[in-house]
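Summary of the model geometry
Read off the chains here:
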Amino acid sequence: MSLLEIKNLHASVNGNEILKGIDLTVNPGEVHSIMGPNGSGKSTLAQVLARRESYEVTGGSITFDGKDLLEMKPEDAACEGLFMAFQYPVEIPGISNAYFLRAALNAIRKYRGQDEMDAMDFLPLLKEKMRMLEMDERFLNRPVNEGFSGGEKKRNEIVQMAVLEPKLAVLDETDSGLDIDALKIVAKGVNAMRDKKRSMVLVTHYQRLLDYIVPDFVHVLVNGRIVKSGGPELALELEQKGYSWTEPELVGKR
Amino acid sequence: MSSTVNQINDLTQQEYKWGFVTSIDEDRLPPGLNEEIVRAIAAKKGEPEFMVEWRLKAYRHWASLEQKHAEPTWANVKYPPIDYQALSYYSAPKQKKELKSLDEVDPEILDTYSKLGIPLHEQKLLAGVAVDAVFDSVSVATTFKAKLAEVGVIFCSFSEAVKNHPELVKKYLGSVVPYTDNFFATLNSAVFSDGSFVYVPKGVRCPMELSTYFRINAQNTGQFERTLIIADEGAHVSYLEGCTAPIRDENQLHAAVVELIAHDNATIKYSTVQNWYPGDKEGKGGIYNFVTKRGKALGKNSKISWTQVETGSAITWKYPSCILQGDNSVGEFYSVALTNNYQQADTGTKMIHIGKNTKSTVVSKGISAGHGQNTYRGMVKILKGATGARNYTQCDSLLIGDKCGAHTFPYIEVKNASARMEHEASTSKIGEDQIFYLQQRGISKEEAVSMIINGFCKAVFKELPMEFAVEAQKLLSISLEGSVG
Ligand SMILES: Nc1ncnc2c1ncn2[C@@H]1O[C@H](COP(=O)(O)OP(=O)(O)O)[C@@H](O)[C@H]1O
Ligand SMILES: [Mg+2]
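Below you will find a few notes about this structure.

A word on the overall build of chain B
Helix and strand counts for chain B stand at 13 helices and 23 strands. With the model as given, the accessible surface of chain B reaches about 17700 Å², and the carbon-plus-sulfur share is 51%.

A word on the overall build of chain A
Counting its secondary structure elements, chain A contains 9 helices and 12 strands. Against the 2.2 N^0.38 benchmark of 18 Å for 254 residues, chain A shows a C-alpha radius of gyration of 18 Å, consistent with a compact globule. Taking the principal axes of the C-alpha coordinates as reference, chain A spans close to 60 × 40 × 35 Å. Here chain A holds 254 residues, and the buried ones make up 53% of them. Once local pairs closer than 6 in sequence are excluded, the contacts in chain A between residues at least 24 apart make up 67%.

What about the interface of chain A and chain B?
In this complex, chain A contributes 33 residues to the contact, which on the side of chain B involves 22 residues. For the pair chain A and chain B, the summed buried surface comes to about 2100 Å²; carbon and sulfur atoms form 61% of the total. Together, Arg52, Glu53 and Glu75 of chain A form the three largest contributors to the area buried by chain A at its contact with chain B, with a combined 25%. Taken together, the links from chain A to chain B amount to 3 salt bridges.

With respect to the packing of helix H10 (residues 432-440) of chain B against helix H11 (residues 445-456) of chain B
When two helices pack together, their arrangement is captured by the angle between the axes and the distance separating the axes. Residue and element names in this part refer to chain B. For the pair H10 and H11, interaxial distance at closest approach is 9 Å and the crossing angle is 125 degrees. Overall, the two elements H10 and H11 adopt an arrangement that is oblique. Judged by the sense of rotation from one axis to the other, the crossing of H10 with H11 is right-handed. Along its contact with H10, which presents Gln434, Ile435, Leu438 and Gln439, the element H11 presents Lys445, Ala448, Val449, Met451 and Ile452. Split into classes, the residues belonging to the contact of H10 with H11 amount to 6 nonpolar, 2 polar and 1 charged.

Concerning the site of ligand 1
Residue and element names in this part refer to chain A. For ligand 1, the full set of nearby residues is Val13, Asn14, Ile18, Pro37, Asn38, Gly39, Ser40, Gly41, Lys42, Ser43, Thr44 and Tyr55. A distance of 2.8 Å separates an oxygen atom of ligand 1 from a polar backbone atom of serine 43. Measuring from an oxygen atom of ligand 1, one finds a side-chain N or O atom of threonine 44 at 2.5 Å. Broken down by element, the residue count for the shell around ligand 1 peaks at 3 residues, all from helix H1 (residues 42-49). When grouped by side-chain class, the residues that make up the shell around ligand 1 number 4 nonpolar, 7 polar and 1 charged.

What about the coordination of the magnesium ion (ligand 2)?
Perfect tetrahedral coordination of a metal by four donors corresponds to 109.5 degrees between them, and perfect octahedral coordination by six donors corresponds to 90 or 180 degrees. Residues and elements named next belong to chain A. Only Ser43 (OG) and Gln87 (OE1) from the protein reach the magnesium ion (ligand 2) as donors, at distances of 2.1 to 2.4 Å. Note that serine 43 is positioned in helix H1 and glutamine 87 in the loop between strand S6 (82-85) and strand S7 (92-96), a separation of 44 residues in sequence. Given a relative accessible area of 18%, glutamine 87 falls into the buried group.

Side note on the nonpolar core
One finds Ile6, Leu49, Leu101 and Leu126 of chain A together with Ile367, Ile453 and Leu476 of chain B to be the most contacted residues of the largest nonpolar core, which totals 111 residues. Once residues lying within four places of it in the same chain are set aside, the contact partners of leucine 126 of chain A are Ala98, Leu101, Leu140, Val159 and Val163 of chain A.

Details of the packing of aromatic side chains
Residues and elements named next belong to chain B. Enumeration over the complete set of coordinates arrives at 20 aromatic pairs over all chains. Here the aromatic rings of tyrosine 59 and tryptophan 62 are separated by 6.4 Å at their centres, their planes lie at 35 degrees, and the arrangement is tilted. Of the two residues, tyrosine 59 and tryptophan 62 both sit in helix H3 (residues 49-67), 3 residues apart, roughly one turn of that helix. For tryptophan 62, a relative accessible area of 1% translates into the label buried. By the ring-pair criterion, three or more aromatic residues cluster together here, those being Tyr59, Trp62, Tyr84, Phe183, Phe184, Tyr288, Phe290, Trp317 and Tyr319. Its guanidinium or amino end placed over the ring of phenylalanine 192, arginine 55 lies 4.3 Å from that ring's centre, counting from NZ or CZ. Lying across the ring of phenylalanine 456, lysine 365 places its NZ or CZ 5.1 Å from the centre.

Observations regarding the sheet that holds strand S2 (residues 16-26) of chain A
Residue and element names in this part refer to chain A. Strand order in the open sheet formed by 4 strands is S2-S1-S4-S5, with antiparallel pairing between adjacent strands. Looking at which strands have only one partner, the edges of the open sheet turn out to be S2 and strand S5 (67-68). Looking at chain direction, strand S1 (residues 4-13) and strand S4 (residues 55-64) are connected through 8 bridges and run antiparallel. Its bridge partner lying in S4, histidine 10 is registered against glycine 59. Across the sheet, H1 lies against S1, S2 and S4, angled at about 110 degrees from S1, the strand it touches most.

Quick notes on the pattern of salt bridges
Scanning the entire structure with this criterion turns up 28 salt bridges over all chains. Put simply, arginine 198 of chain A and aspartate 195 of chain A hold a salt bridge, and the shortest N to O gap is 3.8 Å. The closest approach of N and O atoms between aspartate 194 of chain B and lysine 45 of chain B, which form a salt bridge, is 3.8 Å. With aspartate 194 of chain B in strand S6 (residues 194-200) and lysine 45 of chain B in the loop between helix H2 (35-44) and H3, this residue pair connects regions lying 149 residues apart in the sequence. Here the two residues aspartate 194 of chain B and lysine 45 of chain B agree in accessibility, since each one is buried. Ionic contacts of the salt-bridge type, sharing partners, join the residues Glu35, Arg39 and Arg60 of chain B into one network.

Quick look at the packing of helix H4 (residues 119-132) of chain A against helix H5 (residues 150-164) of chain A
All names here are of chain A. Viewed as axis vectors pointing N to C, H4 and H5 meet at an angle of 135 degrees, and their least axial separation amounts to 9 Å. Put simply, H4 runs oblique to H5. Two packed elements cross with a definite hand, and for H4 against H5 that hand is right-handed. The segment H4 lies against H5, with Phe122, Leu125, Leu126, Lys129, Met130 and Met132 engaging Val159, Ala162 and Val163.

Section: the pairing of strand S3 (residues 31-35) of chain A
Each regular strand displays side chains that alternate between the two surfaces of the sheet. Residues and elements named next belong to chain A. With 5 of 5 residues buried, S3 is to be regarded as a mostly interior element. Of the two faces of S3, both are covered, the one formed by Val31, Ser33 and Met35 as well as the one formed by His32 and Ile34. When S3 meets strand S10 (residues 199-204), the two strands line up parallel, connected through 5 bridges. Of the residues in S10, the one forming a bridge with isoleucine 34 is valine 203. Relative to strand S11 (residues 217-222), S3 is paired through 4 bridges, and the arrangement is parallel. Of the residues in S11, the one forming a bridge with isoleucine 34 is histidine 219.

Concerning H1 of chain A
Among the 8 residues that make up H1 of chain A, 7 are buried, leaving the element largely enclosed by the rest of the structure. Just beyond H1 of chain A, the residue with positive phi is arginine 51 of chain A, at close to 70 degrees.

The rules behind each value
- Residues numbered from 1 in each chain as written.
- Chains lettered and ligands numbered in written order.
- Predicted model: local features only at pLDDT ≥ 70, side-chain atom pairs only at ≥ 80, totals over all residues.
- Heavy atoms only, no water.
- Helix = DSSP H or I, 4+ residues; strand = E, 2+ residues; numbered from the N terminus.
- Areas by Shrake-Rupley, 256 points an atom, 1.4 Å probe, with all protein chains shown as cover.
- Rg over C-alpha atoms; globule rule 2.2 N^0.38 Å.
- Buried < 20%, exposed > 50% of the residue type's maximum accessible area, 1.4 Å probe, protein only.
- Contact = heavy atoms within 4.5 Å.
- Buried area = accessible area lost by both parts, 1.4 Å probe.
- Salt bridge = Lys/Arg side-chain N within 4 Å of Asp/Glu carboxyl O.
- Axes fitted to C-alpha atoms, helices over the stretch in contact; angles between N-to-C directions.
- Parallel < 35°, antiparallel > 145°, perpendicular 65-115°, else oblique.
- Left-handed = near helix turned anticlockwise from the far one by under 90°.
- Nonpolar A, V, L, I, M, F, W, Y, C, P; charged D, E, K, R; others polar.
- Near = heavy atom within 4 Å.
- Polar contact = N/O pair within 3.5 Å; in protein donor to acceptor, adjacent residues only side chain to side chain.
- Donors = N, O, S within 2.8 Å, 3.2 Å for Na, K, Ca; no water.
- Core = buried A, V, L, I, M, F, W, Y, C linked by side-chain atoms within 4.5 Å.
- Phe/Tyr/Trp six-rings, centres within 6.5 Å; stacked < 30°, edge-to-face > 60°.
- Lys NZ or Arg CZ within 6 Å of the ring centre and 35° of its normal.
- Pairing = 2+ DSSP bridges.

Structure representation (structure tokens):
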């Protein structure tokens, strides 16, 4: 059974239709990359998957792990195992990274009928994941994302993913704003989490990320539609030719 | 966006959970205020002549103020005129004799306290908290006195202090807040019926947190309590006051006075968690909380620290202040004020720097939801002799929804050029993006809002004694519960 099944998805923001009929199937263990020019709707797709309410679904269906995702609140989707790494991680002043992440983990565990994890068990777990992402321990007690550099924020997202162990991780432009060393660290963290069950959707503008995290499939999103799908080689082709060749009608209009 | 705001509004519609009325026999004076009433209050309490005189002077001063309509109007709050002659100025649960132990306390009263979640019983004793509970102005039970007495700490009701330690009362009463201070303090001076008294002798570090719970029960009574805390040379004391009141349609007046005196090298930490009935969703009923709190850091190296979490009352008018008289003395004010529905708060502090190298810190966090109006009003005054004075003020406002308001009025007066002043201010809205971020990690919307608000208030909460910080956090989320889906 597929983990994620998107059928003819239409979504609007402030009354403007952004997604105009998306079909996408992700099986357990697969890594899919969604590429496309700025403004094509990549983040919109990610936000819709994460159930952000300002993104209105006007048509189609999404099934996640056999359940209707569109019926879920954002926190329920998260508890069901859907994680999104934000393109722009948000700052939460006054709440430490460690406190926040334990609250998140325990909310998910509670939803699943598991016992809450106490600080004694949690801290070593968090520290281990932070080491993997080469984040200093002082980030434990710093308020969530506050004053973090762009790269630190992105690494912090991956730390969270590593702790929460989702079934499906949607990474929105996790590579943007990273220098090459940070990119390698993030890629290492993400690759360490790949396994037969966990699926990923990598949203990216550049092919660069895919040198380090090699996807099983690449989809090209232009103007709210997937116009082309293929294997990893498609990313290279895009890198060489740009996006315009993927949608002949668009080229014709220009 | 707008639906999030609506859901946040729903969360803030949580109803008052402490609004039960206790039916107990009470002893009360007829409504109205005149010299007879003032004398009657003093007589009921069996007060000595000096107290009667002091009350009468205060009453006469107040009567002249009232005639001149000198009730203060400068605060950013609105309320219909109060008919002071319609209020009853004394109400006490009827009891036959003085109480020696908790067993003698009316079980209904104890039941009220337990509903309030005040563990007057063993747990609290084990927790090392001595509780002096003020129920409609009369102190009904004082615990842990013996242990305090061992180290010479006096912790008792104001009435007992008048009886047993008149020389201390005489010396310090009105020495920080004179009866002429302001309209409400003057009124309090005339009619106050009870309160708490603390004296910590030289060099003594009070072995436990001292705690008082105030609760207004009777209808149409104002509560006028008075607290006097004295820390002698090198003494340390931490005091916590918590307040609640039952639901009534009428507005109730609470005009309290708190005076703190810290001698050389002494420290007084005064924490308040105020949860008076705020009125209903339409703004009907609720407490008018018009309170004068002031501490005098009299001695060198003395320190006075105010921490307040204000979530209740229809109107809050309150400026816990510090007079930094001793050289190197320190004043602190940490405040969280929350206004929801139609609540109004005009609160802040005054830091008066008189001594050399005096230092003050002001951290104010205002949260407004619903139609709440939240005003910070603060004054920092550096007098001529206050060489090397320093002040740091940080003033942040958080808005939930778009019908509420936050206002900031900082006044600064510097008469000594060596002063160093820092002021930071911010106003922010609780962000839909923050809530969503937390939700995406599995945290419910209510939890998310509560977490964001607790984060916003962290600098203040960390000043509260541990168990009260937990209580304050709960109170804050309860006060905002329902404001998110
Ligand atoms: N919150 C929003 N309000 C208004 N327009 C938005 C919002 N989010 C996205 N859009 C619009 O939707 C389109 C797609 O944006 P987005 O999904 O962020 O693209 P991408 O991530 O591919 O760059 C853009 O035209 C963008 O301006
Ligand atoms: Mg984007």
